[in-house]
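Next come the chains, spelled out residue by residue.
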Amino acid sequence: MANTIEVKVPDIGGHDNVPVIEVLVKAGDTVTKEQSLITLESDKATMEVPSSAAGTVKELKVKVGDEVSEGAVILLLETADAASASTSAANAAAPLPSPSGRGAGGEGSASPSASASPAPSPQPSPQRGEGAKAPQPSAASGKKADIECQLVVLGSGPGGYSAAFRAADLGLDTVLVERYDTLGGVCLNVGCIPSKALLHAAAVIDEAEAMAAHGVSFGKPKLDLDKLRGFKTKVVGQLTSGLAGMAKQRKVRTVVGTGSFVSPHEMEVQTAEGVKLVRFEQAIIAAGSQAVRLPMFPWDDERVMDSTGALEMKDVPGKLLVVGGGIIGLEMATVYAALGSEVTVVEFMDQIIPGADADLVKPLAKRLGSKVKGIHLKTKVVAAKATKKGIEVGYEGESVPETTVFDRVLVAVGRSPNGGKIGAEKAGVAVTERGFINVDTQLRTNVPHIFAIGDLVGQPMLAHKAVHEAHVAAEVAAGHKAHFDARVIPSVAFTNPEVAWVGVTEREAKEKGLKVGVGKFPWAASGRAIGIARTEGFTKLIFDEATHRIVGGAVVGVNAGDLISELALAVEMGAEAADIALTVHPHPTLGESVGMAAEVYEGTITDLYIPKKK
């Protein structure tokens, strides 16, 4: 007997009002259990929502552009029998192992409980096997191993090399497998580090131009693109060569090639010399993620770039379209605009950097808006084709750009994990349909001797999170009783100005009905900010009204990425407003704005006049 059930959005890690960017099925389609139905987009990542049962799609309840939260009905599904319906109801209540699946309540922040106090709690990982069936592992190959070790680490990004080095320090015979010729993974080679080198060059150009208003004029910058690329390459090389040296010092054996599991204790590595079989006692998966490639773009044309292509700096295009107003897109928009490109930014959401509070991104939107041709919100690209003149695009939305043909297009709409590309199923490791691997607080997968860390285990997809997870995984593998229980994880956009935040945001507090108070210090009252003519920023602290303990904070302005560390430490240590306000901060510095923001909350500020509430 057929039954019609509602398929709903499960727990998506505390996110609310997440936009639907793709509908993967239509009325009349037959779907299997856990088949992806829709794709959602949060800052820096996408997530697909699977079906909670098998059946036939009777009616769609969402469309592209809608915003959904937990419990929203996706579609009506006609199932075969009552048993399927009851199974669906049970599954609909289970959390979705999404990019925010480690308990983060937004990009880089801990999700507070909606009851009582909003003080942050440790971030639990998804329960082992949740949302993904454990596959039947393959039998051992029976072949003689080329390499035997106690621990193999797959991937040498910040998480991977940190895991390998920590494990070696603890006495484990460790092998590190990396597909690139140099250690460091995406972050060091084609991500975090080269982008910051180019952002430094962009900042110098902006500062030199700004000094003309203060009586110091420089000539128009002359761009030597080869030298700039050389500077970027030198920065990357200095770090990657340092890693290679430390690997040798620690006696970590490195294997260059693409690794894939063949059984629970074996991995094949495709190297330049052929396939090598690695037999291991334990493994740590640190295989990272890759840029999402939207299908409407002609990716066979080199004028369409992901972040890796943009960092190659093959030229400075006359007209550049940046698709995606998240952190990666805006950082590269900052670089190319400073180097002379006419940059247009298109963002699907109603603000840039959707994971941050609206007030936090306003100073960036204002300053960056004066540097680029336009930032277009609530707008998306719906068509793109390669022509002789350039990449021709079509739009939909509330703020459609005038320019339709661009010399280059950068697509920066998120990253997807590589969990489905490493043969994990042959080791018996459960991988979700979206490519994520669920772990517990010790970073164990459903296979006890195999761990996973970094982008693979969910949001936030940040190097510093991966490093801390790496240490825990390595320590557990060595027999230590370690757990990953970070209260908060800070996020930074290295734009100009920088934007950084940590812990509970005002938006989250409002959505969850949490009673918080805010202390906000404008940099227009900072002697240091005035002295460097950068008064657009501010520092904001968020406190639990019941305990006066800090639960979150944010900074926008010069060096915000450095200042946010103090706020992260304050949250981890459970500091009260008075602790921060009474800590003597040096003057005149941007850092003292942290203490002054606490004074604003306490009502003891003397650098501002704030009338007392009656």
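Right above here is the structure, for reference.
The rules behind these values
- Residues numbered from 1 in each chain as written.
- Predicted model: local features only at pLDDT ≥ 70, side-chain atom pairs only at ≥ 80, totals over all residues.
- Heavy atoms only, no water.
- Helix = DSSP H or I, 4+ residues; strand = E, 2+ residues; numbered from the N terminus.
- Expected span 1.5 Å × (residues − 1).
- Buried < 20%, exposed > 50% of the residue type's maximum accessible area, 1.4 Å probe, protein only.
- Pairing = 2+ DSSP bridges.
- Disulfide = S-S within 2.5 Å.
- Core = buried A, V, L, I, M, F, W, Y, C linked by side-chain atoms within 4.5 Å.
- Contact = heavy atoms within 4.5 Å.
- Patch = residues over 30% accessible without salt bridge, like charges linked within 9 Å, V, L, I, M, F, W, Y side chains within 5 Å.
- Areas by Shrake-Rupley, 256 points an atom, 1.4 Å probe, with all protein chains shown as cover.
- Salt bridge = Lys/Arg side-chain N within 4 Å of Asp/Glu carboxyl O.

**Section: helix H9 (residues 463-477)**
When the terminal C-alpha atoms of H9 are compared, their 21 Å separation across 15 residues agrees well with the 21 Å that a helix rising 1.5 Å per residue should span. Those residues of H9 that sit buried are Lys465, Ala466, Glu469, Ala470, Val472, Ala473, Ala474, Glu475, Val476 and Ala477. Just beyond H9, the residue with positive phi is glycine 479, at close to 95°.

**Looking at the pairing of strand E21 (residues 391-397)**
Where strand E20 (residues 379-386) and E21 come together, seven bridges link them in antiparallel fashion. Looking at E21, one finds that alanine 384 is bridged to valine 393. From the end of E20 to the start of E21, which pair antiparallel, there are four residues, and glycine 390 there has a positive phi angle of about 155°. Here two bridges tie E21 to strand E22 (residues 405-406), and the two strands are oriented antiparallel to one another. Within E22, the residue paired with glutamate 392 across the bridge is valine 405.

**Quick notes on the state of the cysteines**
Each disulfide consists of one covalent bond between the sulfur atoms belonging to two cysteines. In this structure the tally under the stated criterion is one disulfide. The disulfide partner of cysteine 187 is cysteine 192, and the S-S distance across this bridge is 2.2 Å. Here the disulfide of cysteine 187 and cysteine 192 is left-handed, its torsion about the S-S bond being about -130°.

**Topic: the nonpolar core**
The nonpolar side chains of a soluble globular protein tend to be buried with one another. Among the nonpolar cores identified, the biggest contains 57 residues, and Val152 and Phe261 are the most heavily contacted of them. In this structure, phenylalanine 261 is in contact with Leu154, Glu266, Met267, Phe280, Ala283, Ile285, Ile422, Gly423, Ala424, Lys426, Ala427 and Ile450, ignoring residues within four places of it in sequence. Counting residues in each nonpolar core, the second largest holds 38 residues, with Met332, Ile352, Val372 and Ala554 among its members.

**A closer look at a nonpolar patch on the surface**
A cluster of nonpolar side chains, namely Met211, Val216 and Phe218, defines an oily patch on the protein surface of about 270 Å² accessible area. Along the chain, valine 216 turns up in the loop between helix H4 (192-210) and helix H5 (225-249).

**Notes on unusual backbone geometry**
Note that the residue after glutamine 459, namely proline 460, is joined by a cis bond; omega there is -5°. Here proline 460 lies in the loop between strand E25 (450-452) and H9. Residue proline 588 follows histidine 587 across a cis peptide bond; omega there is -5°. Look at methionine 313: it is not a glycine, yet its phi comes out positive at around 50°. The backbone phi angle of histidine 548 is positive, close to 65°, even though this residue is not glycine.

**Overview of the sheet that holds strand E19 (residues 374-376)**
Spatially, the five strands line up as an open sheet ordered E16-E23-E17-E18-E19, and their pairing is parallel. In this open sheet, the two strands that pair with only one neighbour each are strand E16 (304-305) and E19. The sheet contact formed by strand E18 (residues 342-346) and E19 spans three bridges and is parallel. The residue bridging threonine 344 from the neighbouring strand is glycine 374, located in E19.

**Examining the environment of threonine 308**
Position of threonine 308 among the secondary structure elements: in helix H6 (residues 307-312). Residues threonine 308 and alanine 291 lie 17 residues apart in sequence; the distance between their C-alpha atoms is 8.5 Å.

**A closer look at the pattern of salt bridges**
Applying the stated criterion across every chain yields a total of 25 salt bridges. Taking the shortest distance from any N to any O, the salt bridge between aspartate 29 and lysine 26 comes out at 3.3 Å. Take lysine 26: its relative accessible area is 52%, and that puts it in the exposed class. Several salt bridges share partner residues, and in doing so they unite Asp357, Asp359, Glu506, Lys520 and Lys540 into one network.

**Comments concerning the sheet that holds E20**
The strand order E20-E21-E22 describes an open sheet built from three strands, whose pairing is antiparallel. With partners counted over all chains shown, the strands left at the sheet margins are E20 and E22, one partner each.

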